[in-house]
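Chain residues, written in single-letter form:
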Amino acid sequence: MDKPYYRRSLGIIMALTIIYLLSKVSFIFNPLVTLVQICIVPLTISAFLYYLLRPIVHYLEGKHMNRVLSILLIYLMFAGVITVFLIVVWPPLQNQITEFINNVPKLITGLQSQMNDIRENNYFSMFNESDLSITNKLMEYANSAIQSATGYISHVFSFLNDFVIVVGTVPIMLYYMLKDDYRVRPMMVSALPVRYREDGDQVLQEIDGMLRGFIAGRMIDAVVLTVMSLIGFWIIGLPYPLMLSLVMGLFSFIPYFGILLGAIPSVIVAFTISPSMVMWVIIVVVVSHQIEGNLISPYIYGRTINIHPLTTIILLLIAGDFAGILGMLLAIPVYMMMKIIALRAVKVYNSQK
C-alpha cells in the first residue's frame, strides 16, 4: 500500500467522522436553517426582480440620471403596473377563482356524468364489470384531483394576499441590490486570496450572465405562454380562461414538468364539459408550447443554458422531492452556478499542477 492511499483513506474517515459529529449537534444549526427558510423566498423574488430591472437602471443611468432617482422612478412605474393589475386584471381573476371554488360540486357532477357517458359507450360495452372498475378508479382520482387543485389554488392566492414578509422585505432588498450593483462583485472578489481574484472575477461574471439569461428567458416564456393560452382558451370557450392561463404561465417557470403541471387544471375543467373540449385544450397547450419552445426560446436562451435534458429532469425530481415547487424553480440556476464554479476550480487546479 502506498502512502497516498493511506492519506486518502484517512481523509475520507475524517470527513465521515465530522459529518457524524455534526449530525449529533444538529440543534446548533437549527436557528441558521430557520433563518434560511425565512429569507429564501424574499431573497429569490428580489434576485428575480433585480435581473429584470437592472437593465432599466443602467439605461436610465446612460441618460445621465442619478442611480437613486432611477430606482425610485422604476418603483413608481412598478407601482403603476401593480395598480393597473389590481384595477383591470384582479377583479375578473378574483371572480373566476371564487366561481371556480364555488362550482367544485358542479364540476364533480359534470365529471361523473362524462365518465358515465364514456362507460355506456359502445366501445366500452365489450368489457365486463371488473374491467369497468378502472373507469370508477379514474373518476375517483379525477375527483380528488379537482378537490386538491381547488385547495391548492385557494391556498396559493390566500398565501399571496397575506404574505406580509415578502411585501415588507422585497422592496428593501431590491433597492439595495440595484443601488449597490457595482460594489457587490468587487467586494466579493477582494475577499479572495490575491492569486485567485482574477479567476473569481471571471466566475462571478459567468454566473451573472447565466442568471441574467435564465431569468429573462423564463419571464418572457411565461408571458408568451400565458397570452397564447389565454387567447386559445377564450377562442374554444373554456371556462375560467384567465385563471387557467395564469396557472399555465406560473408553472412554465419549471422546465419540462411545468407545462404538464400547468395543463392539468385546464384538462380537468375541460373534461367536465365534454371529451371534445379536452382535445381542444390539449391542442391549445401543445401549439402554445411548440411556438414557445421552438420559435421563441432558442432566440432568448441561445447557448446560455446548456444542460442535457436528462440532467434537467433528474435535477427537478431531486429538488422537487426535497423542497417542492421552490426547489424545482431553483434547481437549474443553482446547478449552473455550481457547475461554473466547479469547472473553474478544476481549471485552476490543473494549471497549478
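Worth saying up front: this structure is predicted, and the values here are computed from it rather than measured.

A description of the environment of M173 should follow, citing residues and the corresponding values.
Among the structural elements, M173 can be located in helix α6 (residues 164–179). Judged by relative accessible area, M173 falls into the partly exposed class, the value being 25%. Linking M173 and L43, residues 130 residues apart in sequence, is a C-alpha distance of 7.4 Å. Each residue touching M173, except ones within four places of it in the same chain, is listed here: P42, L43 and S46.

Outline the confidence of the model for the protein chain, listing residues and values.
Mean pLDDT over the protein chain stands at 76; residues scoring 70 or higher make up 76%. The low-confidence segment residues 127–132 (pLDDT under 50) makes three contacts with residues lying over four places distant or belonging to another chain.

Tell me about the packing of aromatic side chains, and please be specific about residues and values.
In total, this model carries three aromatic pairs according to the counting rule given. Aromatic pair F48 and F253: ring centres 5.8 Å apart, planes at 75°, arrangement edge-to-face. Remark: F253 occurs in the loop between α9 (241–251) and α10 (257–271) and F48 occurs in helix α2 (residues 30–62); sequence separation between them is 205 residues. When the centroid spacing of 5.0 Å and the interplanar angle of 75° are considered together, the rings of Y50 and Y51 count as edge-to-face.

Could you give an account of the pattern of salt bridges, naming the residues involved and the relevant values?
Overall, the coordinates contain nine salt bridges when judged by the stated rule. With its nearest N and O atoms 3.3 Å apart, the salt bridge here joins R344 to D199. Here R344 is found in helix α12 (residues 309–352), whereas its partner D199 is found in helix α8 (residues 197–236), with 145 residues between them in sequence. Where salt bridges share partners, they join R54, D181, D208 and R212 into one cluster.

Cut-offs and rules
Residues numbered from 1 in each chain as written. Predicted model: local features only at pLDDT ≥ 70, side-chain atom pairs only at ≥ 80, totals over all residues. Heavy atoms only, no water. Helix = DSSP H or I, 4+ residues; strand = E, 2+ residues; numbered from the N terminus. Buried < 20%, exposed > 50% of the residue type's maximum accessible area, 1.4 Å probe, protein only. Contact = heavy atoms within 4.5 Å. pLDDT = per-residue confidence, 0-100. Phe/Tyr/Trp six-rings, centres within 6.5 Å; stacked < 30°, edge-to-face > 60°. Salt bridge = Lys/Arg side-chain N within 4 Å of Asp/Glu carboxyl O.

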